[in-house]
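Inside the fold
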Amino acid sequence: MAPDLRFAHELADAADAITLARFRATDLQVETKPDLTPVSEADRGVEEAIRAMVAHRPGESVFGEEFGDDGGAVRWIVDPVDGTKNYVRGVPVWATLLALERDGSIELGVASAPALGRRWWAVRGEGAWANGERCRVSAVATLADCIVSTTSAGEMPAGWHELARQAWTSRGFGDFWQHCLVAEGAIDVATDESLQLWDYAAVALIVEEAGGRCTTFEGESPAPSASFVSSNGRLHDAAVVLLS
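Quantities reported herein were computed from a predicted structural model and do not represent experimental measurements.

The first and last C-alpha atoms of helix α6 (residues 197-209) sit 18 Å apart over 13 residues, in line with the 18 Å expected at 1.5 Å per residue. Inspection of α6 places L197, W198, D199, Y200, A201, A202, V203, A204, L205, I206, V207 and E209 among the buried residues, and these make up the whole buried set. Just downstream of α6, G211 is the residue with a positive phi angle, here 105°.

Within the open sheet, the 5 strands sit side by side as β12-β11-β13-β15-β14. Their pairing is mixed. Edge positions in the sheet fall to β12 (169-171) and β14 (213-215), since each has one partner strand and no second. Shown here is a sheet whose adjacent strand axes are inclined to one another by a mean of 20°, direction ignored. Strand contacts of helix α5 (residues 175-184): β11 (147-150), β13 (189-195) and β15 (226-231), with the helix running at about 145° to β13, the strand carrying the most contacts. Against the sheet, helix α7 (residues 236-243) touches β13, β14 and β15, its axis set at about 20° to β14.

The tally for this structure, following the rule as stated, stands at 8 aromatic pairs. Relative to W177, the ring of F173 has its centre 5.3 Å away and its plane inclined at 80°; by these criteria the two rings are edge-to-face. What makes F173 partly exposed here is its relative accessible area of 28%. Feature note: the residues F23, Y87 and W94 constitute an aromatic cluster, connected by ring pairs. The cationic tip of R57 hangs over the ring face of F7; the distance from NZ or CZ to the ring centre is 4.1 Å.

Now for the environment of D13. Looking at the secondary structure, you find D13 in helix α1 (residues 3-22). C-alpha of D13 to C-alpha of P114: the two residues are 101 residues apart in sequence and 9.1 Å apart in space.

Look at helix α4 (residues 158-166) against α7: their axes get within 7 Å of each other, and the N-to-C directions meet at 135°. Relative to α7, the element α4 is oriented oblique. Listed contacts from α7 to G159, W160, E162, L163 and Q166 of α4 are A239, L242 and L243. Partitioned by chemical class, the residues of the contact of α4 with α7 number 5 nonpolar, 2 polar and 1 charged.

Let us now look at the packing of α1 against helix α2 (residues 41-54). Axis separation between α1 and α2 bottoms out at 9 Å; the angle between their running directions is 155°. As summarised for this structure, α1 and α2 are arranged roughly antiparallel, according to the angle between their axes. The element α1 and its partner α2 pack so that their crossing is right-handed. Here α1 contributes F7, E10, L11, A14, A15, I18, T19 and R22 to the contact with α2, which in turn contributes E41, A42, G45, V46, A49, I50, M53 and V54. The residue makeup of the contact of α1 with α2, split by class, is 11 nonpolar, 2 polar and 3 charged.

Quick look at the pattern of salt bridges now. Summed over all chains, the structure comprises 15 salt bridges. When the shortest N-O distance is used, the salt bridge between R51 and E47 registers 3.1 Å. Of this pair, R51 and E47 both sit in helix α2, 4 residues apart, which is roughly one turn of that helix. Exposure class is identical for R51 and E47. Each is buried. Linked by salt bridges that have partners in common, D4, R57, E60 and R102 make up one network.

Conventions adopted
- Residues numbered from 1 in each chain as written.
- Predicted model: local features only at pLDDT ≥ 70, side-chain atom pairs only at ≥ 80, totals over all residues.
- Heavy atoms only, no water.
- Helix = DSSP H or I, 4+ residues; strand = E, 2+ residues; numbered from the N terminus.
- Expected span 1.5 Å × (residues − 1).
- Buried < 20%, exposed > 50% of the residue type's maximum accessible area, 1.4 Å probe, protein only.
- Pairing = 2+ DSSP bridges.
- Axes fitted to C-alpha atoms, helices over the stretch in contact; angles between N-to-C directions.
- Contact = heavy atoms within 4.5 Å.
- Phe/Tyr/Trp six-rings, centres within 6.5 Å; stacked < 30°, edge-to-face > 60°.
- Lys NZ or Arg CZ within 6 Å of the ring centre and 35° of its normal.
- Parallel < 35°, antiparallel > 145°, perpendicular 65-115°, else oblique.
- Nonpolar A, V, L, I, M, F, W, Y, C, P; charged D, E, K, R; others polar.
- Left-handed = near helix turned anticlockwise from the far one by under 90°.
- Salt bridge = Lys/Arg side-chain N within 4 Å of Asp/Glu carboxyl O.

See the structure below:
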């Protein structure tokens, strides 16, 4: 295992130890941020732990959801708990997302979901993996045969509902999980109305290294505060036509 990937797994292990220890704790401290989203003590604790570990690596910095961007050409992009709403309610679908960016290019990504017993990762040019097994997107080629998913259907544009109507079935796996399921070939299209860089940096690389595609609903490159769709590639253009 390459040193950067080994370190990413060490970061994920440290995060898992913190999140699992506080998951479903009756005294878990939860606050509401200015954007009206929840943040738990685990979110902050994970990011603080990751920052402390990265501090020992000269020339590297952290851009995290909770404590911002340190700047620099080499940075770890961190979502300490993706799926905080699930986490604080005891739903086991949440993960720590880690991506290593060098000069604007995402070089590796890790999504660690310890309550599910799953960890996905990818290195640019080297493929995607889930618990040590190679990931590949599905070969489904028609909307009528596909499974689509979104995080929150109530926030989605009309095109989402038409996509769901044309699909074989629609689900709400949500957050990181739906995109990782696209990478595994378990579902075929996953959508979010708006994501930040820490939400999609890791999962986009995992999907792409598994053979899939990721864009905005308009077919542009993923961007902060924009929509996000991942797919098996074969269905991408058809999905974007409806979503846009």
